[in-house]
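Topology and contacts: notes
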Amino acid sequence: MINKTILILGGTGALGKTLVKKYHNDNTIIVFSRDEHKHYHLLQEYSDVISVIGDIKDKDTIMNAILRYKPEVIINAAALKHVPVCEDNPYESVKTNIIGHQNVIECANLYSELESLIFVSTDKACKPINVYGMCKAISEQLYISYAKQQKDTKVVIVRYGNVLESTGSVIPFFKDLLENNASTLPITDDRMTRFLLTLEEATDLIEWAYQYNDSHGKIAVPKVKSLKVTDIANALIKNYGVDVSLKVIGIRAGEKLHEEMVSFEEWRKTEELDNFFLIGNDVVSSDHHSYNSLDYLMDSSEAYNFLKISGVL
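These figures come from a predicted structure and were not determined experimentally.

A separate point is the side chain of T18. Here T18 is to be found in helix α1 (residues 14-23). For T18, a relative accessible area of 11% corresponds to the buried category. In contact with T18, not counting residues within four places along its chain, are L199, E200 and T203.

What follows is the structure, encoded as structure tokens:
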């Protein structure tokens, strides 16, 4: 994106800050989020960014930001995203992760100058078993439905797994324990696998989906490998040079052993490209397959090298 006015909803989070870093030199950036503290620190680093305090649960604040700054692109990365929190507060998840996104769609629909609307989803929306994933799965359908009504605004959904060292993810949690002399690292299940990608890979997916001609109304998914959570923990223990054991504590409410980014049911509607999958609305294949974190697993040495190259170690 070059020479665009970009409104980033949820823009003070880890992904939002990476999008600011990627785009602020060549575009006008408006960052919209409810976290005053994060806004303050973001502005210390990027003084040219326009800061807007607002919440996607409040339609008026979204509409005010759109009418005031007239964005050509909206990237919606706002979410209540922690699985256990959403399990304990399901209605709050519904208000942010469904109603909030419907608010965004309704505001975008009233603004005729919008070129692109990009929604950031999650692998937990694929065959969801937890409140967070269920809400995001419904939101995906809201955007897909809206895309069918649109001829002038390009609507794109991106879906991916856990982002390395994002807020609340397992890596900073493990690092904090190791730095505070913990004797064990808690593992919910020693078989657990997760898709992990860097923040740069996440923003590259957004840029690709924005640029790709045939992405309107479809779900873009990156091709990345997955890691065992135990390999992540052991790599960090090795890097810190400490004698720490792993303690299995049991799966938390709403957790899966393995995640999927493209389900068996979606595979028949999925186009496979060089570095991405694109899930559409029409059947394009008779194959039955799924893109899941068990079948695309790195071995322990690959996992260590990936974490090293990515700057985690």
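Let's pick the thread back up.
Further remarks concern the nonpolar core. One finds M1, I75, V158, Y160, I206 and Y291 to be the most contacted residues of the largest nonpolar core, which totals 69 residues. Among the elements that make up this core, the one with the highest residue count is helix α8 (residues 199-211) (seven residues). Filtering out sequence-adjacent residues up to four positions away, M1 remains in contact with I6, Y23, D26, N27, V73, I75, I118, I206, E207, Y210 and Q211. Listed in part, the 22 residues of the second largest apolar core include A233, A235, V244 and F306.

Strand order in the open sheet made by the three strands is β7-β9-β11, with mixed pairing throughout. Looking at which strands have only one partner, the edges of the open sheet turn out to be β7 (162-163) and β11 (226-228). Direction of pairing for β7 relative to strand β9 (residues 193-197): parallel, over a ladder of two bridges. Opposite V163, over in β9, you have L197 as the bridge partner. Helix α9 (residues 229-240) contacts β9 and β11 of the sheet and is inclined by roughly 70° relative to β11.

Let us now look at unusual backbone geometry. With a phi close to 50°, K127 is a non-glycine residue in the positive phi region. In this fold, K127 is placed in the loop between β5 (116-120) and α6 (131-149). In this model, N181 sits at a positive phi of 60°, which is unusual for a non-glycine residue. Judged by relative accessible area, which is 70%, N181 ranks as exposed.

Counted according to the given criterion, the structure contains eight aromatic pairs. Between Y291 and Y296 the ring centres are 4.7 Å apart and the planes differ by 85°, which places this aromatic pair in the edge-to-face class. Residue class for Y291 comes out buried when judged on its relative accessible area of 1%. A connected cluster of aromatic rings, assembled from ring pairs, spans F195, W267, F277, Y291 and Y296. Sitting above the plane of the Y304 ring, K238 keeps its charged end 4.3 Å from the centroid.

Applying the stated criterion across every chain yields a total of 17 salt bridges. Residues E259 and K124 are paired through a salt bridge, measuring 3.8 Å at the closest nitrogen-oxygen approach. Residue E259 is found in the loop between β12 (245-248) and β13 (260-262), and its partner K124 is found in the loop between β5 and α6; the two are separated by 135 residues along the sequence. Look at the salt bridges and you will find they share partners, linking D123, K124, R194 and E259 into a network.

Conventions and cut-offs
Residues numbered from 1 in each chain as written. Predicted model: local features only at pLDDT ≥ 70, side-chain atom pairs only at ≥ 80, totals over all residues. Heavy atoms only, no water. Helix = DSSP H or I, 4+ residues; strand = E, 2+ residues; numbered from the N terminus. Buried < 20%, exposed > 50% of the residue type's maximum accessible area, 1.4 Å probe, protein only. Contact = heavy atoms within 4.5 Å. Core = buried A, V, L, I, M, F, W, Y, C linked by side-chain atoms within 4.5 Å. Pairing = 2+ DSSP bridges. Axes fitted to C-alpha atoms, helices over the stretch in contact; angles between N-to-C directions. Phe/Tyr/Trp six-rings, centres within 6.5 Å; stacked < 30°, edge-to-face > 60°. Lys NZ or Arg CZ within 6 Å of the ring centre and 35° of its normal. Salt bridge = Lys/Arg side-chain N within 4 Å of Asp/Glu carboxyl O.

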